[in-house]
Amino acid sequence: MSDSMSVGFIGLGNMGAPMAKRLLEWPGGLGVCDTREAALQPFTTAGATAAGSPAELAERCGVVSIVVVNDEQVRAVVSGPDGILRTAKPGTVIAVHSTIADTTATELAAECAGHAVEFVDAPISGGAPAAQKGALAVMVGGSPVAFEAVREPFSTFASLVVHAGEVGAGTRMKLARNLIHFVAFNAAAEAQRLAAAAGLDITELAKVVRHSDSHTGGPGAIMLRKTTAAIEEGDFWLPILTHVRNLGEKDLALALELGDRLEVELPLARLALHGLGDGLGVGPGDIAKEQS
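Worth saying up front: this structure is predicted, and the values here are computed from it rather than measured.

**A word on the overall build of the protein**
Check the secondary structure of the protein and you find 12 helices and 9 strands. For the protein, buried positions account for 40% of its 292 residues. For the protein, the proportion of contacts with a sequence separation of at least 24, taken over those separated by at least 6, is 60%. Accessible area of the protein: about 15200 Å², with a carbon and sulfur share of 58%.

**Re the packing of aromatic side chains**
By the definition in use, this model includes 4 aromatic pairs. Relative to F157, the ring of F9 has its centre 6.5 Å away and its plane inclined at 85°; by these criteria the two rings are edge-to-face. Taken together, the residues F9 in strand β1 (residues 7–10) and F157 in the loop between α7 (144–154) and β9 (158–165) connect sequence positions 148 residues apart. For F9, a relative accessible area of 0% gives the class buried.

**Considerations on the pattern of salt bridges**
Under the defined criterion, the tally for this structure stands at 10 salt bridges. Notably, a salt bridge pairs D82 with R86, separated by 3.2 Å at the nearest N-O pair. Here R86 falls in the exposed class, since its relative accessible area comes to 55%. Linking D102 and R172 is a salt bridge whose minimum nitrogen-to-oxygen distance equals 2.8 Å. Placement of the pair is D102 in helix α5 (residues 102–113) and R172 in helix α8 (residues 169–197), with a sequence separation of 70 residues.

**Description of the nonpolar core**
Core analysis: the biggest nonpolar cluster contains 34 residues, and F9, L136, V140, F154 and F157 have the highest contact counts within it. The element best represented in this core is α7, accounting for 5 residues. Leaving out residues up to four positions away in the same chain, F157 has contacts with F9, M19, R22, L23, H97, G134, A135, L136 and V138. Formed by 25 residues, the second largest nonpolar core is a distinct cluster that contains V64, V68, I100 and V117.

**A word on unusual backbone geometry**
Phi at A116 takes a positive value of approximately 60°, unusual for a residue other than glycine. Turning to its location among the elements, A116 is positioned in the loop between α5 and β6 (118–121). For E263, which is not a glycine, the phi torsion comes out positive at approximately 60°. With respect to the secondary-structure elements, E263 resides in the loop between α10 (237–262) and α11 (267–280).

**Observations concerning the layout of surface pockets**
By volume, the second largest pocket is sized at about 330 Å³. Lining the second largest pocket are 19 residues, and of these I10, G11, T35, V68 and Q73 lie nearest its centre. A breakdown of the residues in the lining of the second largest pocket according to their chemical character gives 10 nonpolar, 7 polar and 2 charged.

**Things to note about the pairing of strand β4 (residues 63–66)**
Across the two faces of β4 the burial is the same, with V63 and S65 and V64 and I66 all buried. Across 4 bridges, β1 lies against β4 in parallel orientation. Residue pairing for β4: G8 is matched across the bridge by V64. Tracing the backbone out of β4, into helix α4 (residues 71–79) and back to the parallel element strand β5 (residues 93–96) gives a crossover that is right-handed.

**Structural notes on the pairing of β9**
Summarising the sheet, strand β8 (residues 136–141) and β9 pair through 6 bridges and their orientation is parallel. Paired with A137 across the bridge in β9 is L160. Running through α7, the crossover from β8 to the neighbouring parallel element β9 is right-handed.

**As for the environment of E263**
You can call E263 exposed: its relative accessible area is 73%. Sequence-wise, E263 and D286 are 23 residues apart; in three dimensions their C-alpha atoms are separated by 25 Å.

What counts, and where the lines are drawn
Along each chain, the written sequence defines residue order, and numbers are assigned to residues from 1. The predicted nature of this model means local features are confined to residues of pLDDT at least 70 and side-chain atom pairs, given and counted, to a pLDDT of 80 or more, with totals for whole chains, interfaces and linings taken over all residues. Calculation of side-chain values draws on the structure's entire complement of heavy atoms; hydrogens and water are dropped beforehand. For the purposes of this entry, the term helix denotes a DSSP run of H or I that reaches at least four residues, the term strand denotes a run of E that reaches at least two, and both are numbered from the N terminus. Exposed residues in this analysis have more than 50% of their type's maximum accessible area, buried residues have under 20%, and partly exposed residues fall in between, with area computed by a 1.4 Å probe over protein chains only. We call two residues in contact whenever any of their non-hydrogen atoms come within 4.5 Å of each other. Note on areas: these come from Shrake-Rupley sampling with a 1.4 Å probe, and a residue is covered only by the protein chains present in the view. Only the six-membered ring of Trp is used, alongside the rings of Phe and Tyr, when aromatic pairs are assigned; centres must lie within 6.5 Å, and planes under 30 degrees apart are stacked while those over 60 apart are edge-to-face, with the rest tilted. Salt bridges are defined by distance alone: a side-chain nitrogen of Lys or Arg within 4 Å of a carboxyl oxygen of Asp or Glu. Here, nonpolar core means buried Ala, Val, Leu, Ile, Met, Phe, Trp, Tyr and Cys residues that are tied together by side-chain atoms lying within 4.5 Å of each other. Definitions used throughout: a 1 Å grid over protein atoms alone; a cavity as a set of points that fits a 1.4 Å probe which cannot get out; a pocket as an open set with protein on both sides within 12 Å along at least five of seven lines; a lining residue as one with an atom within 4 Å of a point. Grid points are joined across faces, edges and corners, and a volume is the space filled by probe spheres set on the points. The nonpolar class holds Ala, Val, Leu, Ile, Met, Phe, Trp, Tyr, Cys and Pro. Asp, Glu, Lys and Arg form the charged class, and all remaining residues, Gly among them, are polar. Two strands make a pair as long as DSSP finds a minimum of two bridges between them. A clockwise path from the first strand over the helix to the second, with the strands pointing away from the viewer, defines a right-handed crossover.

So, in structure tokens, the structure goes:
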């Protein structure tokens, strides 16, 4: 994308505002649109141009980023009566950072194609803290041409911009990423119940978890292979992940034994014990086999 082309931003809430703020110095200029005058004011004061509707914004922007609440709002912004497609010029790229259904993304992409407009689903990860620092991760689903057009402006608010694949792939990657996030939250709650039953201070446990994960990388630390297939003999990863499995099964078995004594149900721990080895690609170990 030429840095002389203006970028538009729709939705200046808790995530959108810090992202758009990073584009205030964009050489081609920044256009903004939001239903709330108070959200627009800091941007217009800083030199951005406000638009009264998505259609008005699209008249002068080569890339339009969208951060709104849900699929319905995205559809309205893109193809509603005052939507972007009313005025967008051929070659314009519409980028949706909201987490929507992947089917919504593909449907909107087809609609945009009828106007010679590119569409990318570009969900973000990292939350408000990363948005404030310009350190988000963006997962882009779209054509190679569209990805090249958005890569540079996205890099103003993201420290990692990944081309996940065709339209819809960005959303699918975000859903897979968030599966880890929220299953881990459930696991954390399970661990807190066990710790509380054991008479431990769960706030101190939380400090230990955050400290150790900051060094080990948490669940992402084992996401190093290009495939989920079983690991073959002679593979570099076989001894490493076998060791991880053996340690994991031992610790999970001990946690389950403690839970049994304290009469605390640990369903995720039981699933993990029996699924860890296969998940790592090395198969179950002796402990999992004994308890199957």
